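If you want the building blocks of each chain, they are given just below.
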There are 2 protein chains.
Amino acid sequence: MIPSPLALTMGDPAGVGGDITLKAWLKRDVCPPFFVIDDIERLTALAARLNLNIPIHAIDSPAQAMDIFTTALPILHQPLAVPSIPGKPDAANARATLAAIERAVALVQSGQAAAVVTNPISKDVLYGAGFKFPGHTEFLAHLAGGGAQPVMMLACEKLRVVLATVHVSLKDAIAQLSTDGICTIARITHAALKRDFAIADPVLAVAGLNPHAGEGGAMGREEIDIIAPAIRHLQNEGINAQGPYPPDTLFTSKALPTYDAALCMYHDQGLIPLKTLDFERGVNATLGLPFVRTSPDHGTAFDIAGTGKASELSLIAALNMAAQMAAARG
Amino acid sequence: MIPSPLALTMGDPAGVGGDITLKAWLKRDVCPPFFVIDDIERLTALAARLNLNIPIHAIDSPAQAMDIFTTALPILHQPLAVPSIPGKPDAANARATLAAIERAVALVQSGQAAAVVTNPISKDVLYGAGFKFPGHTEFLAHLAGGGAQPVMMLACEKLRVVLATVHVSLKDAIAQLSTDGICTIARITHAALKRDFAIADPVLAVAGLNPHAGEGGAMGREEIDIIAPAIRHLQNEGINAQGPYPPDTLFTSKALPTYDAALCMYHDQGLIPLKTLDFERGVNATLGLPFVRTSPDHGTAFDIAGTGKASELSLIAALNMAAQMAAARG
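These figures come from a predicted structure and were not determined experimentally.

Participant: Help me understand the packing of helix H1 (residues 17-26) of chain A against helix H2 (residues 40-49) of chain A, please; the structure alone is not making it clear to me.
Facilitator: Each pair of packed helices gets described by two things: the angle between the helix axes and the distance between those axes. Residue and element names in this part refer to chain A. Put simply, H1 and H2 touch, their axes get as near as 10 Å, and they point 70° apart. Judged by the angle between their axes, H1 and H2 are roughly perpendicular. Residues Gly18, Asp19 and Leu22 of H1 touch H2, and the partners they reach there are Arg42, Leu43, Leu46 and Ala47. Taken together, the residues of the contact of H1 with H2 sort by class into four nonpolar, one polar and two charged.

Participant: I tried to follow the sheet that holds strand S12 (residues 293-296) of chain B on my own but got confused; where do I start?
Facilitator: Within a sheet, adjacent strands bond to each other through the backbone by hydrogen bonds, running parallel or antiparallel. Residue and element names in this part refer to chain B. Taken together, 12 strands build an open sheet; the order of strands is S3-S4-S2-S1-S5-S12-S11-S6-S7-S10-S8-S9 and the sheet is mixed. Of all strands in the sheet, those with a lone pairing partner are strand S3 (56-58) and strand S9 (240-245), marking the two edges. Note: strand S2 (residues 34-38) against strand S4 (residues 73-77), three bridges, orientation parallel. Bridged to Asp38 within S4 is His77. Set on the sheet, helix H9 (residues 222-236) makes contact with strand S8 (203-207) and S9; between it and S9 the angle comes to about 165°.

Participant: Teacher, can you tell me more about the environment of Ile182 of chain B here?
Facilitator: All names here are of chain B. With respect to the helices, strands and loops of the structure, Ile182 is situated in helix H8 (residues 179-195). Relative accessible area serves as the criterion here: at 1%, Ile182 is assigned to the buried category. Counting along the chain gives 54 residues from Ile182 to Asn236, while the straight-line C-alpha distance between them is 15 Å. If sequence neighbours within four positions are ignored, Ile182 has contacts with Ala164, Leu177, Ile226, Ile227, Ala230, Leu263 and Met265.

Participant: Sorry if this is basic, but what is going on with the interface of chain A and chain B here?
Facilitator: Buried accessible area, meaning the area lost when the parts come together, often serves as the stated size of an interface. Counting residues at the interface gives 31 residues for chain A, matched by 31 residues for chain B. Linking chain A with chain B are four salt bridges. Between Asp248 of chain A and Lys275 of chain B there is a salt bridge, and its shortest N-O distance comes to 3.3 Å. Applying the counting rule to chain A against chain B returns eight residue pairs in polar contact (both at pLDDT 80 or more). Of all elements in the fold, only helix H7 (170-176) and helix H10 (267-277) of chain A reach the threshold of two or more residues within the side of chain A that touches chain B. It is H10 of chain A that contributes the most residues to the side of chain A that touches chain B, nine residues altogether. Taken together, the residues of the side of chain A that touches chain B break down into 15 nonpolar, 10 polar and six charged.

Participant: Which parts of the structure should I look at to understand the sheet that holds strand S2 (residues 34-38) of chain A?
Facilitator: Residue and element names in this part refer to chain A. Judged by pairing direction, the sheet is mixed, and its 12 strands sit side by side in the order S3-S4-S2-S1-S5-S12-S11-S6-S7-S10-S8-S9 without closing on themselves. Each edge of the sheet is formed by a strand with only one pairing partner; in this case those strands are strand S3 (56-58) and strand S9 (240-245). Relative to strand S12 (residues 293-296), strand S5 (residues 116-117) runs parallel, the two sharing two bridges. Bridge pairing in S12 links Val117 to Thr294. Running over the sheet, H10 touches strand S6 (151-155), strand S7 (160-163), strand S8 (203-207) and strand S10 (261-264) and is turned about 165° from S7.

Participant: Would you explain the packing of aromatic side chains in this entry?
Facilitator: Geometry of an aromatic ring pair is reported as the spacing of the ring centres plus the angle between the planes. Taken as a whole, this structure holds 11 aromatic pairs over all chains when the rule is applied. Ring geometry for Phe133 of chain A against Phe139 of chain A: centres 5.3 Å apart, planes inclined by 50°, an arrangement best described as tilted. Under the relative-accessibility criterion, Phe133 of chain A is labelled partly exposed at 22%. Across from the ring centre of Trp25 of chain B, 3.9 Å away, lies the NZ or CZ of Arg28 of chain B, which sits over that ring. Positioned above the aromatic ring of Phe197 of chain B is the side chain of Arg160 of chain B, whose terminal nitrogen or guanidinium carbon lies 4.7 Å from the ring centre.

Participant: Looking at this structure, how should I read unusual backbone geometry?
Facilitator: Among all residues except glycine, the phi angle is most often negative; among peptide bonds, the trans geometry is most common. All names here are of chain A. Note that the residue after Gly243, namely Pro244, is joined by a cis bond; omega there is -5°. Along the chain, the position of Pro244 falls in strand S9. In this structure, Ala198 is a non-glycine residue whose phi angle is positive, near 55°. Relative to the assigned elements, Ala198 resides in the loop between helix H8 (179-195) and S8.

Analysis parameters
- Residues numbered from 1 in each chain as written.
- Chains lettered and ligands numbered in written order.
- Predicted model: local features only at pLDDT ≥ 70, side-chain atom pairs only at ≥ 80, totals over all residues.
- Heavy atoms only, no water.
- Axes fitted to C-alpha atoms, helices over the stretch in contact; angles between N-to-C directions.
- Helix = DSSP H or I, 4+ residues; strand = E, 2+ residues; numbered from the N terminus.
- Parallel < 35°, antiparallel > 145°, perpendicular 65-115°, else oblique.
- Contact = heavy atoms within 4.5 Å.
- Nonpolar A, V, L, I, M, F, W, Y, C, P; charged D, E, K, R; others polar.
- Pairing = 2+ DSSP bridges.
- Buried < 20%, exposed > 50% of the residue type's maximum accessible area, 1.4 Å probe, protein only.
- Salt bridge = Lys/Arg side-chain N within 4 Å of Asp/Glu carboxyl O.
- Polar contact = N/O pair within 3.5 Å; in protein donor to acceptor, adjacent residues only side chain to side chain.
- Phe/Tyr/Trp six-rings, centres within 6.5 Å; stacked < 30°, edge-to-face > 60°.
- Lys NZ or Arg CZ within 6 Å of the ring centre and 35° of its normal.

This is the structure in structure tokens:
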């Protein structure tokens, strides 16, 4: 197991982060030890609102969390600027949201925390407060000291996917596809599967772009011109990349056990099968950083914040994957 | 139940059609009554090759199949030109392959068969013999007398999908998307869900094209410019079309029970979730024809023809769906 606890950030205090943190701690017998960086008053009030009888215990340093985790939820106090109301995000608290992330990164970099697990943030709220990054992942890469190219991996028990293109229109995704881009993602993924998942010789299944992977050029040439050359490059480097495979049969129960990660060409090619297979337990892991970081694969869900309706299963899966990755890294 | 048997075509005699037909008959207690249009000698030889003790009984008219189906596999003899070797397709038998389809359609049109179920054909083999249609579906539409616009529906127990674009590159699929095209597919699907599936007021879930359904135009404008206008048109006609929905959460276990069919924008958007959910029992149904037609959702699989390895589950699902659709049509 991990020698130090996981650092869990508060996320947007008006979102479901508090709800799922409290509910995850109630299932602490299936969670690795963690502490949350959050405002102790707001989390205590939230527990009362949800009728959850949870002892919340302030700590001074992460090491204390290892001892008290079984009897209380350890919290490293991060004061909010204004009281938080569930479902009503307030830009005045953006600084505290970001500070929790910065502190988590500092603690993992100094070896006091085993990994960073982040609760959902709202980019719109942060942009209103001057945040300059496209998202959580890029902010973490910046805090990691630059130079790191982060790769988002989405994973459930049966499937890991990485994406050659992410949050762009489908038309732009096709235009952005490149042999170099695919190779870069594949190399980072390959290294992470070895280091963070202890897979000695990872198999990467590379999806085609077009129906039936283009059927020899009859339905699109990207497989021939872009994807197959990338696979040859990778194979020449000793990376076990295979494909390009017809996308529609890459995620069947027969195909899934034959590879360690699927490299998908666009957002929905990877996220449709992942969410179809396991919507509630999806985890987002950031590969290529100098530290381990995971998060639940859902947003702030302002509409149900403070109601207790949000499922804690994705956060629990994220905590466990972070602990496994940190243990593999050693 | 259906008053007349289903007509099952031979498909390419060098493919797995014979294998799965024989194996489906062995599970006849979970199949509706059917007869196969095939060469009696080749099917008898195949049964011997597979060590299957199956009485194969020639019939003169489909009505006889209803009586003998429980004790023998009824066959309407369609002679091959040359003996068929599993895995070795021969253009000399293309005429017999097509004749089986033509006879099945004639029998369903004259009311002697309840529906047409087709075994897989090889377009390449048929093209070599002068076949002029893009595929099975278009040939059936032609035999139906023209005017019919066929719509391919793929279905498993949990999900039905129809496609706004099919066998074209992803780039061309985006270029071909149109409000009119989406409306046409939706109207045919809506009518078929009422007539063939006895759903009084079918709900059509229309997928977006882009990640997160474009997020208000931030990641592509097709939702705003093409898809949402189609949904408004359809709603004005009294069709319960909803969307455009983010594609990645449209096929979760929570979402699936909320609609009767998903209208997808491109091949893999529909086929990835379908095959991920249930690879072995997928059924291809052709909507918009004057008769019911289904087929297993796989190809000729020449590489395993004659080995008995091919799964009969998709064919059994296709037979049962055809019987249900024919019964609903009355």
